[in-house]
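Residue-level structural notes
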Amino acid sequence: MFYIIRRLLLLVVTIALVSIITFAVFQILPGDPVRTMLGTEADETQIESLRNELGLNRPLHEQYVDWIKGLFTGDLGNSIRFSMPVSTLLMERLPVTLSVASMALIIVVLVALPLGIFVAKRQKKFSDVVLSSVTQLGMAIPSFWLGMILILYIGMNVDFFKISGYIPWSESIKGALSTLILPALTIAIPQIAVKFRYVRTSILEQMQLDYVRTIRSKGLPEKIVVYKHILKNALIPILTIFGLITAEVVAGTIIVEQVFALPGIGQLLITSISYRDFPLVQGIVMYITITVVFINFVVDILYSVIDPRIRLR
Amino acid sequence: MRKYAKNINLILGSLILFVFLGMMVVSFFYTPYDVNSMDIPNKLQEPSSKHIFGTDEFGRDIFSRILKGSQTAFIVGALTVTIGVFFGVLIGGIAGYVGGWIDEIFMRFMDALMAFPGIILALMLVAVFGPGIINTSIALGIIAIPSIARVTRSGFVQQKEAEYVTASKLIGVQSYKIMFKHILPNISSQIIVAASIAFAIAMLAEAALSYLGLGVQPPDPSWGRMLKDAQAYLIASPWYTYAPGGAITLLVLGLYLLSNAIRDMMDPRSNS
């Protein structure tokens with residue numbers, strides 16, 4: 001219980017600091033933010049009215065408190081470019097990003113876990129050098145280039161896939177899949193290259209423990225040894241690793257949406273930066289970061305429930 | 001076997017790095033074609049003996065632009081790491097050495113910076129600072145600070161109880177001298193490893209920002225930006241993406257291999 005409270009406190013502190021940073025960064029904009037947003041052709045009345053609309057004439061701490069309240073009530077003000085509430089715009093784009101990110105996560109788990117077990121069982125066949133080269137390559141290849149390669153080699157050769165744009169799930173499930181699988185693969189492949197080795201290490205560590213020698217000497221078949229005993233224990237550290245992926249998958253989605261012209265939150269963020277639509281940028285950054293921080297919190301709690309030893313650290 | 005693997009990392013990593021460093025040095029004096037001179041009739045030509053990586057949509061020689069682009073990659077990488085190491089060591093050093101509530105405040109702030117997914121923080125910062133080589137480096141430098149600060153802090157926390165520190169204190173050496181003249185050299189290896197990883201991450205991030213059109217801007221050549229331009233011609237001229245994409249991957253790979261090799265050399269106990 002003490003652990004959970006301490007962890008909860010840390011969550012609150014982190015979110016508070018993240019919100020202060022996100023708020024403060026836009027205060028240090030060189031020059032007048034309203035002038036920057038409207039460009040050089042704006043006249044004084046336009047500038048004054050936008051400044052009033054954004055509440056920029058009030059003291060900073062009042063602006064911050066208002067913004068934070070908006071964060072929790074879902075009212076983050078209006079986008080300048082679209083003249084629509086930031087939250088409406090976000091909700092419109094959310095299904096695309098959520099679909100890509102969750103598909104990528106599923107692919108990573110479905111591939112990295114069996115692959116890690118596979119290479120762990122054949123420890124002698126796959127040398128460390130080869131496996132770590134795969135990992136290094138996965139870390140080095142930029143996702144946007146990998147996306148283009150997948151378009152060229154898979155997208156162009158398999159009729160099923162559409163290489164750009166998005167078809168909503170409500171319209172056609174097959175259509176949605178045809179637009180989402182390649183982006184999800186693009187995000188998943190580098191993650192798999194890095195994560196399968198964690199799975200392998202985790203399993204190999206278990207294999208050296210006494211209990212494994214005992215159950216082996218009892219004559220249990222190797223299948224049961226690996227899948228029933230080792231895997232159960234090895235899954236604990238693996239869980240944290242997969243928790244940590246969320247941040248990377250979300251970040252990957254932001255970039256990869258651009259490669260496949262998917263109208264998700266990433267595309268919204270990038271166009272809003274180009275249009276200097278700062279309320280929208282602030283809102284997107286804040287919501288994405290809170291989501292990631294919260295998922296990590298949940299993973300930490302789950303970890304401590306499964307393995308109570310962690311609470312003592 | 002392990003020793004052999006280490007050597008491979010070291011040899012391959014430094015080989016790649018030296019080739020790219022060589023390219024960068026050469027590009028200051030010589031490129032086969034002028035980097036910015038356009039030749040529209042010869043646009044989007046396939047790789048040939050005249051243009052080994054082909055030409056882009058303005059007929060510019062891609063190989064020359066790759067060479068020139070290495071300057072951008074190294075400048076952004078070096079600036080980023082300089083900013084990251086300077087502030088990271090300062091913040092981490094003070095937090096670790098002084099301890100107490102200063103440590104708590106500094107490190108919670110670093111945690112908060114790390115809580116942002118890297119690219120999101122980078123995008124937010126370039127939104128504020130604007131694009132360009134310098135602004136991109138400042139944004140990426142800020143992102144590099146927390147990881148360096150963490151490594152430095154844990155080093156300082158370990159070292160500050162050591163006897164040489166107690167002895168220096170007793171004979172009245174000033175704190176800043178103990179911190180930066182006595183403790184810092186003892187933890188430099190950890191900082192070098194962290195910095196070399198930060199270098200690789202910075203190069204990837206620069207490419208990503210430039211690909212999104214928010215990092216390095218034309219006419220400054222950037223591999224990421226070249227990929228953005230190449231994507232418009234992806235289906236008709238797929239080879240256009242190979243050179244910039246391959247350059248980024250290879251250089252970042254080299255840096256990762258090298259940072260692995262450095263880590264193994266400096267800490268013989270680590271064997272991951």
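Positions within a chain are numbered from 1, following the residues in the order the chain's sequence is written. Both sets of labels track the order of writing: A upward for chains, 1 upward for ligands. With the structure being a predicted model, the display of local features is reserved for residues of pLDDT at least 70 and the display and counting of side-chain atom pairs for 80 or more, all residues being used for whole-chain, interface and lining totals. Hydrogens and water molecules were not included; the side-chain quantities draw on all heavy atoms of the structure.

**Structural notes on the pattern of salt bridges**
All names here are of chain B. A pair is scored as a salt bridge if a Lys or Arg side-chain nitrogen falls within 4 Å of a carboxyl oxygen belonging to Asp or Glu. Inspection of every chain in the model, using the stated rule, returns nine salt bridges over all chains. The salt bridge involving R108 is made with D111; its shortest N-O contact spans 2.9 Å. Note that R108 and D111 are positioned in helix α3 (residues 100-115) at a spacing of three residues, about one turn of the helix. A single salt-bridge network, built from bridges that share partners, covers E104, R108, D111 and R150. The helix and strand labels rest on DSSP assignments: H or I over at least four residues marks a helix, E over at least two residues marks a strand, and numbering proceeds from the N terminus.

**Describing the side chain of S222 of chain B**
All names here are of chain B. Mapped onto the elements of the fold, S222 is located in the loop between α8 (188-211) and α9 (223-231). Any N or O atom pair separated by 3.5 Å or less is treated as a polar contact, with the protein-specific requirement of one donor-capable and one acceptor-capable atom, and with residues adjacent in sequence counted only for side-chain atom pairs. Separated by 3.3 Å, the side chain of S222 and the backbone nitrogen of G224 make a polar contact. What makes two residues a contact is simply this: any of their non-hydrogen atoms within 4.5 Å. Once you skip the residues sitting within four places of it in the chain, S222 turns out to touch T72, E206, S210 and V216.

**A short note on empty space enclosed by the protein**
Taking a probe equal in size to a water molecule and rolling it over the atoms shows the remaining empty space. Residue and element names in this part refer to chain B. With a 1 Å grid laid over protein atoms only, a set of points is called a cavity when a 1.4 Å probe fits there but cannot get out and a pocket when it is open yet has protein on both sides within 12 Å along at least five of seven lines; lining residues have an atom within 4 Å of a point. Grid points are joined across faces, edges and corners, and a volume is the space filled by probe spheres set on the points. Applying the stated criterion across every chain, the model contains one cavity of 30 Å³ or more. Sorting the residues of the lining of the largest cavity by element identifies α8, α9 and α10 (239-266) as the ones contributing at least two each. Split into classes, the residues belonging to the lining of the largest cavity amount to seven nonpolar, one polar and one charged. Three residue categories are used. Nonpolar comprises Ala, Val, Leu, Ile, Met, Phe, Trp, Tyr, Cys and Pro, charged comprises Asp, Glu, Lys and Arg, and polar comprises the others, including Gly.

**Regarding helix α5 (residues 86-121) of chain A**
By definition here, a helix of n residues has an expected span of 1.5 Å times n minus one. Along its 36 residues, α5 of chain A runs 51 Å from first to last C-alpha, staying within 8% of the 52 Å computed at 1.5 Å per residue. The largest bend in α5 of chain A comes to about 40°, at R93 of chain A, with the proline P95 of chain A one to four residues further on. Fitting axes to the seven residues ending at a residue and to the seven starting there, one defines the bend at that residue as the angle between these axes.

**A closer look at a nonpolar patch on the surface**
A cluster of nonpolar side chains, I106, L110, V111, L115 and F118 of chain A, forms an exposed patch at the surface whose accessible area comes to about 430 Å². Following the sequence through the fold, L110 of chain A ends up in helix α5. Patches were defined on residues exceeding 30% relative accessible area and lacking a salt bridge, with like-charge contacts within 9 Å and nonpolar side-chain contacts (Val, Leu, Ile, Met, Phe, Trp, Tyr) within 5 Å. For the area figures, the Shrake-Rupley method with a 1.4 Å probe applies, and any residue is considered shielded solely by the protein chains shown.

**Describing unusual backbone geometry**
Residue P218 of chain B is joined to P219 of chain B through a cis peptide bond whose omega torsion reads 5°. Its place among the elements puts P219 of chain B in the loop between α8 and α9. The phi dihedral of A261 of chain A falls on the positive side, at around 50°, and the residue is not glycine. When you line up the elements, A261 of chain A lands in the loop between α10 (222-259) and α11 (265-274). Each residue gets one of three labels from its accessible area relative to the maximum for its type: buried under 20%, exposed over 50%, partly exposed in between, using a 1.4 Å probe on protein chains only. Take A261 of chain A: its relative accessible area is 32%, and that puts it in the partly exposed class.

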